[in-house]
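# A look at the structure
The lines below spell out each chain.
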Amino acid sequence: MRFRKAGTAAAALAAIGSAVLYGAGPASADVVGTKYVSTNCIDSTCDGGLYVNYHSVATSGSGNPSGSFADFYGNLYSHDYIDSPTTGTNAFIRYYFIFDKSMGDGGGLSVKNNAASADNCSTVDGYRIYYNTGYAGHSQFISHVYGCSGSWNLDSTLKNNNASSHYA
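Residues numbered from 1 in each chain as written. Predicted model: local features only at pLDDT ≥ 70, side-chain atom pairs only at ≥ 80, totals over all residues. Heavy atoms only, no water.

## Comments concerning the overall build of the chain
Applied cut-off: Counting from the N terminus, the helices are the DSSP runs of H or I reaching at least four residues and the strands are the DSSP runs of E reaching at least two. For every residue, the accessible area obtained with a 1.4 Å probe (protein chains only) is divided by the maximum for its type, and the residue is called buried under 20%, exposed over 50%, and partly exposed between those limits. Residue contacts follow a heavy-atom distance rule, with two residues in contact if any of their heavy atoms lie within 4.5 Å. Areas reported here follow the Shrake-Rupley algorithm with a probe of radius 1.4 Å; residue values treat only the protein chains shown as occluding.
The number of helices and strands found in the chain is 1 helix and 10 strands. Scanning the chain from its N terminus toward the C terminus, one meets helices and strands in the order α-β-β-β-β-β-β-β-β-β-β. Of all 168 residues assigned to the chain, the portion counted as buried reaches 40%. Contacts in the chain between residues at least 24 apart in sequence constitute 69% of all its contacts with a sequence separation of at least 6. Put simply, the chain shows about 8300 Å² of open surface, and 52% of that area lies on carbon and sulfur atoms.

Here's what the structure looks like:
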């Protein structure tokens, strides 16, 4: 069941990424709404993704940082926003990614260019975080650790300069 959801979510995200990449998004349709969310699991429940944190990990290097986080599943072309088609229409909803408002420091701020650490909770894969939108520029590998047991600080190039992420 978990893998079926993962495949469905990944396929939906790939379609959205393709629409953004190839211009089939709002340039040819109307944006009918804007939503601010802390996850890209918009229409389904998915777990075991990449948790991007507002704060760095403590100097001890153990545990997870305090403050807000955002949860991304699968490949994310941009940490800024995605345009998602409204079922059966030529209209799109724009989803802006923000840190979870209920989690303290950083809540409500844009995820793009505001992250300090990440926690890979994927059940099967590593993640790579990129400096630029579209999986370009400098990147850092965030390895898969069973059980989602801790966060890694982003390197000095990526700290507060994150723009996209994907399975590695």
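There is more to say, and it comes next.
## Notes on the sheet that holds strand 5 (residues 91-97)
Definition in use: At least two bridges found by DSSP between two strands are what make those strands a pair. In this analysis an axis means a line fitted to C-alpha atoms, helices contributing only their contacting stretch, and an angle means the value between N-to-C directions, from 0 to 180 degrees.
Taken in spatial order, the 3 strands of this open sheet run 1-5-4, and their pairing is mixed. Bordering the open sheet on either side are strand 1 (30-37) and strand 4 (81-85), each of which pairs with just one other strand. Pairs of neighbouring strands in the sheet enclose a mean axial angle of 25°, with direction left out of account. By the bridge criterion, 5 bridges tie strand 4 to strand 5 in an arrangement that is antiparallel. What sits directly across from Ile82, in strand 5, is Tyr95.

## Some thoughts on the sheet that holds strand 8 (residues 136-142)
Read from one edge to the other, the open sheet built from 3 strands follows the order 8-7-10, with strand pairing classed as antiparallel. Both outer strands of the open sheet, strand 8 and strand 10 (164-167), are each paired with one neighbouring strand and no more. Taken pair by pair, the neighbouring strands of this sheet meet at an average axis angle of 25°, ignoring direction. Two strands pair when backbone bridges link them, and strand 7 (residues 127-132) and strand 8 are joined in this way by 5 bridges, in the antiparallel orientation. Considered in strand 8, the bridge of Arg128 is made with Phe141.

## A short note on the pattern of salt bridges
The criterion, for reference: Between Lys or Arg on one side and Asp or Glu on the other, a salt bridge is scored when a side-chain nitrogen of the former is within 4 Å of a carboxyl oxygen of the latter.
Summed over all chains, the structure comprises 1 salt bridge. The partner of Arg94 in a salt bridge is Asp83, with the nearest N and O atoms 2.6 Å apart. In this pair, Arg94 sits in strand 5 while Asp83 sits in strand 4, placing the two residues 11 residues apart along the sequence. Residue Asp83 is classed as buried on the basis of its relative accessible area of 5%.

## Focus: the pairing of strand 7
Where strand 7 folds back onto strand 8 in an antiparallel hairpin, the turn is made up of 3 residues, including Gly134, whose phi is positive at roughly 80°. Bridge count for strand 7 against strand 10 is 4 bridges, and the pairing is antiparallel. When the sheet's bridge partners are listed, Tyr130 is paired in strand 10 with Ser164.

## What about the environment of Ser66?
Relative to the helices and strands, Ser66 resides in the loop between strand 2 (50-53) and strand 3 (69-72). For Ser66, a relative accessible area of 55% gives the class exposed. In sequence terms Ser66 and His55 are 11 residues apart; their C-alpha atoms lie 6.7 Å from each other.

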